[in-house]
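The lines below spell out each chain.
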Amino acid sequence: MSVKSRIPLILLACGSFNPITNMHMRLFELARDHLHQTGRYQVIEGIMSPVNDDYRKKGLVSARHRIAMAKLALETSDWIRVDPWETEQESWTETVKVLRHHYNELQSKKEFMKNKQPTERSTENFLSSQCSALPELKLLCGADFLQTFQTPNLWKKEHIQEILEQFGLVCISRAGSDPAQYINESELLTKFQHNIFLVKEWIQNEISSTQIRYALSRGLSVKYLIPDSVIAYIAYHNIYTEESEQKNEGDLLQPLKLHNTAM
Ligand SMILES: Nc1ncnc2c1ncn2[C@@H]1O[C@H](COP(=O)(O)OP(=O)(O)OP(=O)(O)O)[C@@H](O)[C@H]1O
Ligand SMILES: NC(=O)c1ccc[n+]([C@@H]2O[C@H](COP(=O)(O)O)[C@@H](O)[C@H]2O)c1
Ligand SMILES: [Zn+2]
């Protein structure tokens, strides 16, 4: 299959990014390599969508800062961008609705670009009149994210189904998580496994935002784990403190509040 006849594809990663780490950016690079190696896809854009403040996760600092840090970190990427839409909504948005939003955006852009000249931007090029099909939009995540599908009251079954059936998932391995096992254990995931790309990261790396926040709060170095520009931003605004770590302490995650019918 020539590069031109490949299916254009956009990767969307949803998460706290509190703060963004080098591994968050690696997820995109790993997923793109894997999809290109299938010979069927051409990855044209990566979108990082930080979660709304109303998600209520412990230690979640303001979206304004999380967005600013992600923008700084992604300055050196020519294909991954941060999208603030989720953070601009009045409350937390279910992930399937974030996917729907971005897909609708693509459709509107396509309509707009119909008779326009191609520009230097990759996505707009694909949306111009030369290409009839819309790009596919897939949710990008780490293996622990896939595991959360099993948590009672966290996800609606019909949402998991829509994510898998209408969009698809690209899942990067993570130490301590066995995505193949989660698929086997779930009838729904097994049914749609043709739409789940499992990507093995051979250079295992257990950077996590939580560990970064802990290190920072103890005054330890996080250099080479997150970009220098992000380290400088955190220091300048004194973002991660003992106080910020107490935020939402004891609170229930918004999806659990919304989906727990027993409450
Ligand atoms: N080291 C890693 N390996 C694989 N996937 C990762 C890794 N770190 C983060 N991810 C993935 O990145 C996405 C966003 O994750 P998130 O913002 O929760 O980061 P995190 O490092 O897991 O933070 P926290 O420690 O606060 O949970 C999720 O899909 C998560 O699985
Ligand atoms: N039902 C849902 O749509 C649902 C439930 C739990 C988490 N999520 C999303 O998954 C991501 C999880 O991020 P964290 O791993 O940082 O908690 C967030 O973007 C959150 O909005 C979605
Ligand atoms: Zn996480």
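Residues numbered from 1 in each chain as written. Chains lettered and ligands numbered in written order. Predicted model: local features only at pLDDT ≥ 70, side-chain atom pairs only at ≥ 80, totals over all residues. Heavy atoms only, no water.

> Which parts of the structure should I look at to understand the nonpolar core?
If you look at soluble globular proteins, the nonpolar side chains tend to sit buried side by side. Leu 11, Ile 20, Phe 28, Leu 35, Met 69, Leu 140 and Val 170 are the most contacted members of the largest nonpolar core, which has 39 residues in total. A total of 7 residues in this core trace back to one element, the largest contributor, which is helix α1 (residues 22–37). Discounting residues that sit within four places of it in the chain, Ile 20 has contacts with Met 25, Met 48, Met 69, Ala 70, Ala 73, Leu 74, Ile 226 and Val 230. Counting residues in hydrophobic clusters, the runner-up holds 38 residues, among them Cys 14, Leu 169, Ile 183 and Ile 196. (Core = buried A, V, L, I, M, F, W, Y, C linked by side-chain atoms within 4.5 Å. Buried < 20%, exposed > 50% of the residue type's maximum accessible area, 1.4 Å probe, protein only. Helix = DSSP H or I, 4+ residues; strand = E, 2+ residues; numbered from the N terminus. Contact = heavy atoms within 4.5 Å.)

> Where do I start with the site of ligand 1 in this structure?
Surveying the vicinity of ligand 1 reveals 19 residues, the closest of which are Phe 17, His 24, Asp 144, Ser 209 and Thr 210. For ligand 1, an oxygen atom lies 2.5 Å from a polar atom in the side chain of Asp 144. Ile 207 is positioned such that a nitrogen or oxygen atom in its backbone is 3.1 Å from a nitrogen atom of ligand 1. In isolation ligand 1 has 590 Å² of accessible area, and contact with the protein removes 92% of it. (Near = heavy atom within 4 Å. Polar contact = N/O pair within 3.5 Å; in protein donor to acceptor, adjacent residues only side chain to side chain. Areas by Shrake-Rupley, 256 points an atom, 1.4 Å probe, with all protein chains shown as cover.)

> In this structure, what is going on with the pattern of salt bridges? I would like to understand it.
Should the charged atoms of two oppositely charged side chains come close, the side chains can pair. Enumeration over the complete set of coordinates arrives at 17 salt bridges. Note that Glu 94 is salt-bridged to Lys 156, the shortest N-O span being 3.6 Å. Of this pair, Glu 94 sits in the loop between α3 (85–88) and α4 (95–113) while Lys 156 is found in the loop between α6 (143–147) and α7 (157–167), placing the two residues 62 residues apart along the sequence. The shortest N-O distance in the salt bridge between Arg 213 and Glu 245 comes to 3.0 Å. Here Glu 245 lies in helix α12 (residues 242–246) and Arg 213 lies in helix α10 (residues 209–217), a separation of 32 residues in the sequence. The same class applies to Arg 213 and to Glu 245, which are both buried. (Salt bridge = Lys/Arg side-chain N within 4 Å of Asp/Glu carboxyl O.)

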